[in-house]
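These are the residues of each chain, in order.
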Amino acid sequence: MLLACRLFSKSLLMLLCVSTLGCASRAPMDVGYQDLSADQHMSHSYCYQYLYGHYGQAANYPQAFTWCSKGARSGVASSQTLLGEMYFSGLGVKKDLAIALSWYKLAAKQGHPHAQYLLAKMFDEGLGTTAMHELASEFRQKAATSGHPQALQDMQARERVREEMNGPQKIK
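Just so you know, the residues in each chain are numbered from 1, in the order the chain's sequence is written. Two thresholds apply to this predicted model, a pLDDT of at least 70 for residue-level local features and 80 or more for giving and counting side-chain atom pairs, whereas whole-chain, interface and lining totals are computed over all residues. The basis for every side-chain value is the complete set of non-hydrogen atoms in the structure, without hydrogens or water.

> Describe the packing of aromatic side chains, and please don't skip the residues or the numbers.
In this scheme Phe, Tyr and Trp rings, the latter by its six-membered ring, pair at centre separations within 6.5 Å, and the angle between planes marks the pair as stacked below 30 degrees, edge-to-face above 60, and tilted otherwise. By the definition in use, this model includes 5 aromatic pairs. The interplanar angle of 45° and the centroid separation of 6.2 Å between the aromatic rings of Tyr-46 and Tyr-50 together place this pair among those described as tilted. Within this pair, Tyr-46 and its partner Tyr-50 are both found in helix α3 (residues 38–52), separated by 4 residues, close to a single helical turn. Each ring, one from Tyr-48 and one from Tyr-52, has its centre 5.0 Å from the other, and the planes form 65°; the classification is edge-to-face. Of this pair, Tyr-48 and Tyr-52 both sit in helix α3, 4 residues apart, which is roughly one turn of the helix. An aromatic cluster is defined as three or more aromatic residues linked by ring pairs; in this entry it consists of Tyr-46, Tyr-50 and Trp-67. Just above the ring of Phe-139 sits the side chain of Lys-142; from NZ or CZ to the centre is 5.2 Å. Note on conventions: DSSP H or I runs of at least 4 residues are helices, E runs of at least 2 residues are strands, and numbering of each starts at the N terminus. Two thresholds decide whether a charge sits over a ring: the Lys NZ or Arg CZ must be within 6 Å of the ring centre and within 35 degrees of the ring normal.

Structure (C-alpha cells):
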C-alpha cells in the first residue's frame, strides 16, 4: 500500500492514502471483507491491483475502472472507496468530485473508515459539495472511532487547537 501512496504528487491527493492502515486496500481486515463472495473478492483484488500496479506491473486505469466498478456495484465497500478515489483524482476517468462523494458515501454507510475520513475532508473543504463542518466532524469521529490513524491525528490536532484557543481550564 505504501507503493500506492507514492503515486500521488499533489498534497490533497496525499490525503487519499496517508496511512497504510487507512487505505482502501484489499487486506482481510477491510470492513466486511470476510463476508464477500468469491466473485466480489476477485473483483476487488483486480480493482486494487490494476489501480496501484502489483508485482512490478504499472497501473492500468481502464482495467482498474472495469474491476472497481464491478466490485463497487456489487457492494464491496473498499471497491467503492477506490472507485471514489479514481473519480476524485481523475485516474483513468474524468475528474468528478460529486461522483467521488457519492461512492465514498456508499462505502462510509457500510462503515469503511477510509471512506468516512475522505468524506470528512470533502465536507470540511467543500469539495464536490457545500462545506458542512458539522457533518465533516461526524464522519471524522466515525473514522477515528474505527481506528483510522489520520482521523485520530486530526481529532487530536483539533483538540490541541481548541485548548490553545480556550486557554487552560480552571478547576472549581
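> Explain the side chain of Ser-43 residue by residue, including any values.
Inspection of the secondary structure puts Ser-43 in helix α3. Here's how the labels work: a residue is buried when its accessible area is under 20% of the maximum for its type, exposed when over 50%, partly exposed in between, all with a 1.4 Å probe on protein chains only. In this structure Ser-43 comes out as buried when scored by relative accessible area, which is 1%. Contacts are residue-level and defined by heavy atoms, with any inter-residue pair within 4.5 Å sufficient. Those residues within four positions of Ser-43 in sequence are excluded, and the remaining contacts are Trp-67, Lys-70 and Gly-71.

> Give a description of helix α8 (residues 133–145) that names residues and reports values.
A rise of 1.5 Å per residue sets the reference length of α8, with its 13 residues, at 18 Å; its end C-alpha atoms lie 18 Å apart and thus fit the reference within 8%. Among the residues making up α8, those that are buried are Ala-136, Phe-139, Arg-140, Ala-143 and Ala-144. Projected down its long axis, α8 carries its buried residues within an arc of 140°, all on one side. Seen from the buried face of α8, the exposed residues on the opposite side, beyond 90 degrees, are Glu-134 and Thr-145. As for α8, its buried residues are in contact with α6 (97–109), α7 (113–125) and α9 (149–166). Following α8 by one or two positions, Gly-147 has its phi on the positive side, about 95°. A helix is expected to reach a length of 1.5 Å times the quantity of its residues less one. Each direction from the helix axis to a C-beta atom contributes to the arc, which is the arc of those directions.

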